[in-house]
2 protein chains.
Amino acid sequence: MMRPTVRRAGPQALMSPVLARLNGFSPLSAALVEQIEGLGRRTETVAAGATLVEAGDLATRPCFIVDGWACRLRMLPDGRRQLFNLLIPGDGLGVSIHPHPLAQSHATALTRVTTVDASVLLDPVSEEIRRLMVRIAAQDESLLLGHIVRLGRQTAYERTAHLLVEIGRRLQASGVGEAAAYHFPVTQEALADMLGLSIVHVNRTLQQLRRDGLIDMVRGEMHLLNLDTLMSISDFQPSGAVPTPQA
Amino acid sequence: MMRPTVRRAGPQALMSPVLARLNGFSPLSAALVEQIEGLGRRTETVAAGATLVEAGDLATRPCFIVDGWACRLRMLPDGRRQLFNLLIPGDGLGVSIHPHPLAQSHATALTRVTTVDASVLLDPVSEEIRRLMVRIAAQDESLLLGHIVRLGRQTAYERTAHLLVEIGRRLQASGVGEAAAYHFPVTQEALADMLGLSIVHVNRTLQQLRRDGLIDMVRGEMHLLNLDTLMSISDFQPSGAVPTPQA
DNA sequence: CGATCAGTTGATGGGAGTCAAACGGTGTGG
DNA sequence: CCACACCGTTTGACTCCCATCAACTGATCG
């Protein structure tokens, strides 16, 4: 399903989500910026629904998502699915200092997704990159822990609000959206499998949030109309979850 | 089988959970075994309910749990609690090659807990230790992902079965129990906060499992009477979750 | 011996799942 | 160009799993 790359702008525009996200941790060296921009020469694009990583694969090649949405997930034998996280532009896939022996989970494209190969970044791991990977790993774990709280102890209403806030902050960090206004091409089915709810109930919960004046969504454009309320009802903990540039 | 009584007599008996667990990944070098046994000279014991790690702490000192049960958890403002994992003898706390800037979560003792300081292990990180830490990190993540599936997509019955199987395998790997028979001093309240259920429903679910002839528990001694059935109803994936010695 | 804690049981209610059908948009083929 | 299928969304009716409230038991303990 991989097809030739359509490059619309310069490579630096292509890599900007990765640069923005990493730069959010701490300013990148000029050398690293250049190195990352160089990754943009090797892109790969897959269609929605494509498998990015097969669970149990040996040595999947590390990459960054530069466009589109993906997710990591597990399926149960009877068809039930659970998403572990949503992957947005700027996120890595298999990007770790320590190549895990086996891929921990399946990864699937939720929309058309463009990736860039990141293996050269990890060939000689510089001290700067090592530090960045540690920060990414810490943030990834933090997101997983937040996800566990959502699924275990929050209502559908709270879960949905929490996730929408989290996504906005992450998209903002990657520079592909704003904390309270972003393009959201995820189907309610995927959202249901992320939030541990049924499709029908996700739909009703979103409409309840809309009726309450907290969100608004037209044709994939999500607007969080009252970020403070959304954060307080979902007990959103900004601490360390995302390195926000501004206070 | 041999009852691994934690006897205060020899340090090697004290450290045996750590040694057994690490040895399960790959045989430890004699030098490392000796080094780990040496950790037993600096123990610390806290009562049930004590806080082991405060969330947000800077640089908590790494340690291994050598006796007792603990957990990592988060609390919501209204008192709801969600456990992230259960920590058993042999598990590390803050043991990582990369000292995270901040502790990701609160850690609490569920029973009286004895720990040993592990900081000397990480002072100069040998290649052997580095490899072990990578394995531990991979397993920890795998457990978190399994936990997410439990909470998001499994029924109370399935969740409980899954957790009981997982715990048995981990206790066996640490040599402080067997996969189908182990001491289980966790209250139903803690179990509820782990499984995302109410105390009452945990109680009912355990009794249902008992009525179905799948488990038996008398005075804290858990017996899994039909491991195969428990694994199949909970879709327990042994793959990589725990390095089982036997095939 | 009262007090507290963990476990147990019953009654009741609600949040979320399931089943079913209809709607609108998009793409495709006759 | 329209018919049709397909996909994602929406809505209603009904069901059920699990939470909540409440009371009671047994064990431990100061």
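Please refer to the structure higher up on the page.
Bear in mind that the values here come from a model prediction, so they are computed numbers and not experimental data. (Residues numbered from 1 in each chain as written. Chains lettered and ligands numbered in written order. Predicted model: local features only at pLDDT ≥ 70, side-chain atom pairs only at ≥ 80, totals over all residues. Heavy atoms only, no water.)

**Q** Explain the interface of chain B and chain A residue by residue, including any values.
**A** Taken together, the 37 residues of chain B in the interface contact 37 residues of chain A. Counting the surface lost from both chain B and chain A, the interface buries some 3,400 Å², and carbon and sulfur atoms represent 61% of this. On the chain B side of the interface with chain A, the three residues burying the most area are Leu145(B), Ile148(B) and Arg153(B), jointly 22% of the side's total. Where chain B touches chain A, the interface holds six salt bridges. Salt-bridge contacts for Arg80(A) lead to Glu158(B); the nearest nitrogen and oxygen are separated by 3.0 Å. In this assembly, chain B and chain A are joined by 16 residue pairs in polar contact (both at pLDDT 80 or more). For the side of chain B that touches chain A, the secondary structure elements donating two or more residues are strand E4 (70–75), strand E5 (81–87), helix H5 (127–153) and helix H7 (188–195) of chain B. (Contact = heavy atoms within 4.5 Å. Buried area = accessible area lost by both parts, 1.4 Å probe. Salt bridge = Lys/Arg side-chain N within 4 Å of Asp/Glu carboxyl O. Polar contact = N/O pair within 3.5 Å; in protein donor to acceptor, adjacent residues only side chain to side chain. Helix = DSSP H or I, 4+ residues; strand = E, 2+ residues; numbered from the N terminus.)

**Q** So what's going on with the relation of the copies chain B and chain A? Which residues, and what values?
**A** Placing chain B over chain A gives an RMSD of 0.0 Å and needs a rotation angle of 180 degrees, together with 0.0 Å of translation along the axis. Considering both components of the superposition, the chain copies are consistent with a two-fold axis. Mapped onto chain A, 100% of the interface residues of chain B again fall at the interface, so both copies present the same surface. (Least-squares fit on C-alpha atoms with pLDDT ≥ 70 in both.)

**Q** So what's going on with the sheet that holds strand E2 (residues 51–53) of chain B? Which residues, and what values?
**A** In spatial order, the strands read E2-E7-E4-E5 (chain B); together these four strands make up an open sheet with antiparallel pairing. Edge positions in the open sheet fall to E2 and E5 of chain B, since each of these has one partner strand only. Pairwise comparison of adjacent strand axes, ignoring direction, gives a mean angle of 35 degrees for this sheet. Summarising the sheet, E4(B) and strand E7 (residues 106–109) of chain B pair through four bridges and their orientation is antiparallel. By the bridge assignment for E7(B), Leu73(B) is matched with His106(B). Relative to E5(B), helix H5 (residues 127–153) of chain A is tilted by about 120 degrees, and along the sheet it contacts E4 and E5 of chain B. (Pairing = 2+ DSSP bridges. Axes fitted to C-alpha atoms, helices over the stretch in contact; angles between N-to-C directions.)

**Q** Please provide a residue-by-residue account of the nonpolar core, values included.
**A** Among the nonpolar cores identified, the biggest contains 33 residues, and Leu164(B), Phe184(B) and Ile215(B) are the most heavily contacted of them. For this core, the elements supplying multiple residues, two or more each, are E4, E5, helix H6 (156–174), H7, helix H8 (199–211), strand E11 (221–224) and helix H9 (227–233) of chain B. Per-element tally for this core: the top contributor is H6(B), with seven residues. When neighbours within four sequence positions are excluded, Ile215(B) is seen to be in contact with Leu164(B), Leu206(B), Leu209(B), Arg210(B), Met222(B), His223(B), Leu224(B), Leu225(B) and Leu230(B). Core analysis: the next-biggest nonpolar cluster, separate from the first, contains 32 residues, Ile88(A), Leu191(A), Met222(A) and Leu224(A) among them. (Core = buried A, V, L, I, M, F, W, Y, C linked by side-chain atoms within 4.5 Å. Buried < 20%, exposed > 50% of the residue type's maximum accessible area, 1.4 Å probe, protein only.)

**Q** So what's going on with the pairing of E7(B)? Residues and values would help.
**A** Note that E2(B) and E7(B) share two bridges and pair antiparallel. Across the sheet, the residue bridging to Val53(B) is Ala107(B), located in E7(B).

**Q** Quick one: what's the story with the sheet that holds strand E3 (residues 63–67) of chain A, residue by residue and with numbers?
**A** Residues and elements named next belong to chain A. If you walk across this open sheet you meet the four strands as E1-E8-E3-E6, and the pairing is antiparallel. In this open sheet, the two strands that pair with only one neighbour each are strand E1 (43–46) and strand E6 (92–93). Inspection of the sheet shows E3 paired to E6 by two bridges, in the antiparallel sense. Among the inter-strand pairings, Phe64 is bridged to a residue of E6, identified as Gly92.

**Q** Could you give an account of the protein's contact with DNA strand D, naming the residues involved and the relevant values?
**A** In the vicinity of DNA strand D there are 14 residues, among which Gln188(A), Asn203(A), Arg204(A), Gln207(A) and Ser198(B) approach most closely. In the interface set of DNA strand D, defined as its atoms within 4 Å of the protein, sugar plus phosphate atoms amount to 62%. Interatomic distance of 2.4 Å between a side-chain N/O atom of Arg204(A) and a base nitrogen of DNA strand D. A distance of 3.3 Å separates a phosphate oxygen of DNA strand D from a polar side-chain atom of His201(B). (Near = heavy atom within 4 Å.)

**Q** Run through the environment of Arg72(A), naming residues and quoting values.
**A** Residue position: Arg72(A) is located in strand E4 (residues 70–75). Put simply, Arg72(A) and His106(A) are 34 residues apart on the chain and 5.6 Å apart in space, counted from C-alpha to C-alpha. Ignoring sequence-local partners within four residues, the contact set of Arg72(A) consists of Gln82(A), Leu83(A), Phe84(A), Asn85(A), Leu87(A), Leu93(A), Gln104(A), Ser105(A), His106(A), Ala107(A), Glu141(B) and Leu145(B).

**Q** I'd like a rundown of the protein's contact with DNA strand C, residues and numbers included.
**A** The environment of DNA strand C is formed by 14 residues, the closest being Ser198(A), Gln188(B), Asn203(B), Arg204(B) and Gln207(B). In DNA strand C, atoms within 4 Å of the protein come 61% from sugar and phosphate. In the model, a phosphate oxygen of DNA strand C is placed 3.3 Å from a nitrogen or oxygen of the His201(A) side chain. The separation between a phosphate oxygen of DNA strand C and a polar main-chain atom of Gln188(B) is 2.7 Å. When contributions to the surface near DNA strand C are tallied by element, the ones reaching two or more residues are helix H8 (199–211) of chain A together with H8 of chain B.

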